[in-house]
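Commentary on secondary and tertiary structure
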Amino acid sequence: MGDAAGIGPELIVRLFAAGLPHPAVVYGDAGILRRTCQSLGLSQQLRIQALDSPGRGTVGNVIGVLNRWEPLPADLQVGKVNPAAGRGAYEYLCHAIDDAQANHLRAIVTAPLNKEAMRAAGVNFPGHTEILASRTGTRDYAMMLANDELRVLLVTIHIALADVPGAISIAAERTAIRLAQHACRQAGIPQPRIAVAGLNPHASENGAFGTEEARFILPAIEQAQAEGLLVSGPWPGDTVFMRARHGEFDIVVAQYHDQGLIPIKYLGLDEGVNVTVGLPFVRTSVDHGTAYDIAGRGVADPASLNAAMRLALRMTSDKSS
């Protein structure tokens, strides 16, 4: 469910009201979802049902809710940082992870959480991705953002821009390239064309603007090519995303957070999906935050959550449960 003070509950209720393509269970707070149904005028259409286990999920007019954490306050104020909501978002995710690890879930789809609210609750993770990796013991993982026009996978994620050059290595680049290959194959692309963006302007222009391309990025590309991967680069970051959007590449490996996410988000948040690649299960998420500024106003658009659920289903199409 994500952060209950944000738009996550509204997105979920609207998604159920529109009709799900597959049964689902919500890890979250039944009281919050019940009040959200009331505020949206959907109490007659939807019924909230508390569950003890995920089972096979629910569909239709029933929202099945599983909460192994304490109920949130009845007077929880939306649109404001709240430690209880931050802790709840963390607990819901952890319990979903545990059930996915035990093969009780086909995939996890996450509504947004709020980092400040989690920190206020004593949870010191920068985001979903790091919680997922830590709780599953996953060492090699990456964040991929995708929409109908572009796929981008990141070498580094939530670190300061000043720390990015020091985090780049041949091993990090090679891991990102392999994860890009894995993500595309999960999406049904057997031989993906992978482009790697350079770190520096013009991909350093033969060393004129930096050495990371020659020292780390190019050797990793050459090693991946020797393994049979269809990978090329390093390409200038100011043109490689346009080339991918026009069909030249299936995925772009970007060096840092904003290099990769700005092109994706510029194309629109409505259909953007965040995927954590490398986990022992599929996890997708919305490509936006908690939107405290519109929480509780009844105007949140569930398009990204809908896209995230449908992508999770496509990436697990060999599973019947």
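The notes below deal with the structure included here. (Residues numbered from 1 in each chain as written. Predicted model: local features only at pLDDT ≥ 70, side-chain atom pairs only at ≥ 80, totals over all residues. Heavy atoms only, no water.)

Observations regarding the sheet that holds strand S2 (residues 47–51)
The sheet built from 3 strands is open, its strands ordered S1-S3-S2 with parallel pairing. On the outer flanks of this sheet lie strand S1 (26–27) and S2, each paired with one strand and no other. Two elements, S1 and strand S3 (residues 62–66), share 2 bridges in a ladder whose sense is parallel. By the bridge assignment, Tyr 27 is partnered in S3 with Leu 66. (Pairing = 2+ DSSP bridges. Helix = DSSP H or I, 4+ residues; strand = E, 2+ residues; numbered from the N terminus.)

A closer look at the packing of helix H3 (residues 83–101) against helix H5 (residues 128–136)
It is at 10 Å that the axes of H3 and H5 come closest, and there the two elements cross at 45°. Classed by the angle they form, the pair H3 and H5 counts as oblique. In the crossing of H3 with H5, the sense of the turn from one axis to the other is right-handed. Along its contact with H3, which presents Tyr 90, Leu 93, Cys 94, Ile 97, Asp 98 and Gln 101, the element H5 presents His 128, Ile 131, Leu 132, Arg 135 and Thr 136. In the contact of H3 with H5, the residues fall into 6 nonpolar, 3 polar and 2 charged. (Axes fitted to C-alpha atoms, helices over the stretch in contact; angles between N-to-C directions. Parallel < 35°, antiparallel > 145°, perpendicular 65-115°, else oblique. Left-handed = near helix turned anticlockwise from the far one by under 90°. Contact = heavy atoms within 4.5 Å. Nonpolar A, V, L, I, M, F, W, Y, C, P; charged D, E, K, R; others polar.)

Considerations on the side chain of Arg 283
With respect to the helices and strands, the residue Arg 283 is situated in strand S11 (residues 282–286). Buried within the structure, Arg 283 lacks any salt-bridge partner; its nearest side chain of opposite charge belongs to Glu 130, at an N-O separation of 8.1 Å. Engagement of the side chain of Arg 283 in a polar contact is seen with the side chain of Thr 110, the distance being 2.9 Å. A polar side-chain atom of Arg 283 sits 3.3 Å from a polar atom in the side chain of Ser 285. Contact partners of Arg 283, with chain neighbours within four places excluded, come to Ile 108, Thr 110, His 128, Thr 129, Leu 132, Asn 274, Val 275 and Thr 276. (Buried < 20%, exposed > 50% of the residue type's maximum accessible area, 1.4 Å probe, protein only. Lys, Arg positive; Asp, Glu negative; His and termini not counted. Salt bridge = Lys/Arg side-chain N within 4 Å of Asp/Glu carboxyl O. Polar contact = N/O pair within 3.5 Å; in protein donor to acceptor, adjacent residues only side chain to side chain.)

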